[in-house]
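What follows is each chain in one-letter form.
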Amino acid sequence: MLTKLTRRMAQTLNFRRLPIKSLLVLTLLFAGTGTVLTATNFVNASDHDDGEVDTKGRNLNLTDLYVFREKDQNPQASADDLVFVMNTNPRSVARQQYFFSTRARYQFHVTRVNNKDAMATGRSHMIIRMKFGKPDKNQSQPVTVTVLGNGKPRSFRAQTTPLNQPAQSYQGRVGQHHIAMFAGLREDPFFFDVEQFFRVRAGARKTGPAVGFRDPSKALDFAKGYNVNTVALRVPIKLLQAGTDAKVFDVWQTISLPGRGGRYRQVERLGRPGINEGLIVQNNLLNTLNKVSPSFEAAALAGKQPQAKLAAPVIADASRTLKALGNNDQRTQALLQAFLPDVMRIDTTGKSGYGAALNALGSPIRGRLLKDDVIDTTLSVLTNGAVPSDNVSYEGTPGNTAQGHQPLERRFPYLAKPN
């Protein structure tokens, strides 16, 4: 039976606009329909490993972005704050200390949006930057948090929390506002039976037996037991508004490294879950997408030059994927416009949750909570309820030791303790 949310999404999308995360699912489920895909194209099924290169370590690899109203995670919290979560360093093993890069800039970008139905511009009205120093003898790194784009840049200093220490957050003053910040290892909150997903795909491609997802008692959560490096910020909405009455914001995150002359070059970018892997097949194009901004995508989609010409291979690759999945030209264009540029939009006037509400373009506009089951929602929408779940959940199935995450913390930064 479809959930209320799924029914609403299906009605809204009417299978004319599908969540980009679903494109990953579609690609796998319908790989036997003539799509020219190889196993290596989707070995990494979430956003944990897209665009790998020899010189990019895991601490330079973004996994997920979460943005939500804090009171929707903690009813006792203020209604005036948003929480941003940036996860990096996928598959960090238990009891092992990992560090943030001391060379990189980790950044949240924010656009103030006047109309929730408007296409994203990718313009950075505000940047919140984290720069990490070398670990001390206690395995704690100093971090400088800088807010740019709201008058004079303002910074404050904090420390990361070592693996074996209780989570410690720091308060930094930015003008008349205060930002809370946590950085350190946390359990990866993402969950998915990706192993069985590949068996389902093999059946669809007729390269293996036709199978469905495993029974809940046997389904396996590939992220169980792993950690990630987390940066969590509690940010006052009024700071983001910067004197305006904006209630809607686009958020995305990047990682950049210094290049020649000390100029920073972007090596990673992420907004919504799964866009890169869902739309783009070729690894070199994934790397290209990681190097540009949402504003570049906006210009390319608008036909502006030279962006349109430069982005043509990426857009063409995405279009081929969409059309191979059975979308006609009109539907393919609608999908591209609904989910590109790649940003996480949050309308702060309603309850947070991925897919909790869609705008006129069919884009999710309520951010993403830590336990949002993007895979189940996507499967249900794509199959009209025929495949309602991969049978994996955050809490897991009782008696199945291959599933289940630790309980979220009751207070900021909310993510579960590291394994």
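Predicted, not measured: the structure shown is a model, and the values here were computed from it.

Draft legend 1. Here's a closer look at the overall build of the chain. The helix and strand inventory of the chain stands at 11 helices and 12 strands. Expressed as a percentage of the 419 residues in the chain, the buried residues total 58%. Put simply, 67% of the contacts in the chain that link residues at least 6 apart link residues at least 24 apart.

Draft legend 2. Molecular detail of the pairing of strand β5 (residues 142-148). As paired elements, strand β4 (residues 126-132) and β5 share 6 bridges and run antiparallel to each other. Looking at the pairing, Arg 129 lines up with Thr 146 of β5. The sheet contact formed by β5 and strand β6 (residues 154-159) spans 6 bridges and is antiparallel. Each bridged residue has a counterpart across the sheet, and for Val 147 the counterpart in β6 is Arg 154.

Draft legend 3. Region of the structure containing empty space enclosed by the protein. Applying the stated criterion across every chain, the model contains 3 cavities of 30 Å³ or more. Computed from the structure, the largest cavity encloses a volume of approximately 70 Å³. The wall of the largest cavity is formed by 14 residues, among which Ala 120, Arg 272, Ala 338, Arg 345 and Ser 363 lie closest to the centre. One number sums up the size of the second largest cavity: a volume of about 60 Å³. Lining the second largest cavity are Tyr 66, Pro 189, Phe 190, Phe 191, Arg 368, Leu 370, Asp 372, Asp 373, Val 374 and Ile 375.

Draft legend 4. Region of interest: unusual backbone geometry. Between Gln 305 and the following residue, Pro 306, the backbone shows a cis peptide bond with an omega angle of 10 degrees. With an omega dihedral of 15 degrees, the bond running from Phe 412 to Pro 413 counts as a cis peptide bond. Position of Pro 413 among the secondary structure elements: in the segment after α11 (374-382). Phi is positive for Asn 391, close to 65 degrees, though the residue is something other than glycine.

Draft legend 5. Representation of helix α8 (residues 294-301) in the model. In terms of burial, α8 is a largely internal element, 6 of the 8 residues being buried. Pro 294, Glu 297, Ala 298, Ala 299, Ala 300 and Leu 301 are the residues of α8 that are buried. Following α8 by one or two positions, Gly 303 has its phi on the positive side, about 85 degrees.

Draft legend 6. Summary view of the sheet that holds strand β9 (residues 227-236). Spatial ordering of the open sheet is given by β1-β2-β9-β8-β7, a layout of 5 strands whose pairing is antiparallel. Looking at the sheet topology across the chains shown, the edges are occupied by β1 (62-69) and β7 (170-174). Here the average twist between neighbouring strands, direction ignored, is 20 degrees. Alignment of strand β2 (residues 81-92) against β9, held across 9 bridges, turns out to be antiparallel. Counted as the bridge partner of Ser 92 is Asn 227 from β9.

Draft legend 7. Spotlight on the nonpolar core. Among the nonpolar cores identified, the biggest contains 42 residues, and Phe 84, Phe 108, Met 130, Met 181, Val 231 and Leu 233 are the most heavily contacted of them. With 26 residues, the next largest nonpolar core counts Ala 77, Phe 182, Phe 191 and Val 392 among its residues.

Draft legend 8. Region of the structure containing the pairing of β1. Counting buried positions along β1 gives 8 out of 8 residues, so the element sits mostly inside the fold. Pairing analysis gives 7 bridges linking β1 to β2, with the strands arranged antiparallel. Bridging from a neighbouring strand, Leu 65 pairs with Met 86 of β2.

Draft legend 9. Focus on the packing of aromatic side chains. Under the definition given, this model contains 7 aromatic pairs. Aromatic pair Phe 100 and Tyr 106: ring centres 5.6 Å apart, planes at 90 degrees, arrangement edge-to-face. When sorted by exposure, Phe 100 lands in the same class as Tyr 106, which is buried. Summarising the aromatic geometry, the rings of Phe 190 and Phe 222 are spaced 6.1 Å apart at their centres and angled 80 degrees between planes, so their arrangement reads as edge-to-face. Of the two residues, Phe 190 sits in the loop between β8 (177-187) and α4 (194-204) while Phe 222 sits in the loop between α4 and β9, which places them 32 residues apart along the sequence. Pairwise contacts between aromatic rings join Phe 100, Tyr 106 and Phe 132 into one cluster. Across from the ring centre of Tyr 264, 3.8 Å away, lies the NZ or CZ of Arg 105, which sits over that ring.

Rules behind the numbers
- Residues numbered from 1 in each chain as written.
- Predicted model: local features only at pLDDT ≥ 70, side-chain atom pairs only at ≥ 80, totals over all residues.
- Heavy atoms only, no water.
- Helix = DSSP H or I, 4+ residues; strand = E, 2+ residues; numbered from the N terminus.
- Buried < 20%, exposed > 50% of the residue type's maximum accessible area, 1.4 Å probe, protein only.
- Contact = heavy atoms within 4.5 Å.
- Pairing = 2+ DSSP bridges.
- 1 Å grid on protein atoms, 1.4 Å probe; cavity = no way out; pocket = protein on both sides within 12 Å on 5 of 7 lines; lining within 4 Å.
- Points joined across faces, edges and corners; volume = space filled by probe spheres on them.
- Axes fitted to C-alpha atoms, helices over the stretch in contact; angles between N-to-C directions.
- Core = buried A, V, L, I, M, F, W, Y, C linked by side-chain atoms within 4.5 Å.
- Phe/Tyr/Trp six-rings, centres within 6.5 Å; stacked < 30°, edge-to-face > 60°.
- Lys NZ or Arg CZ within 6 Å of the ring centre and 35° of its normal.

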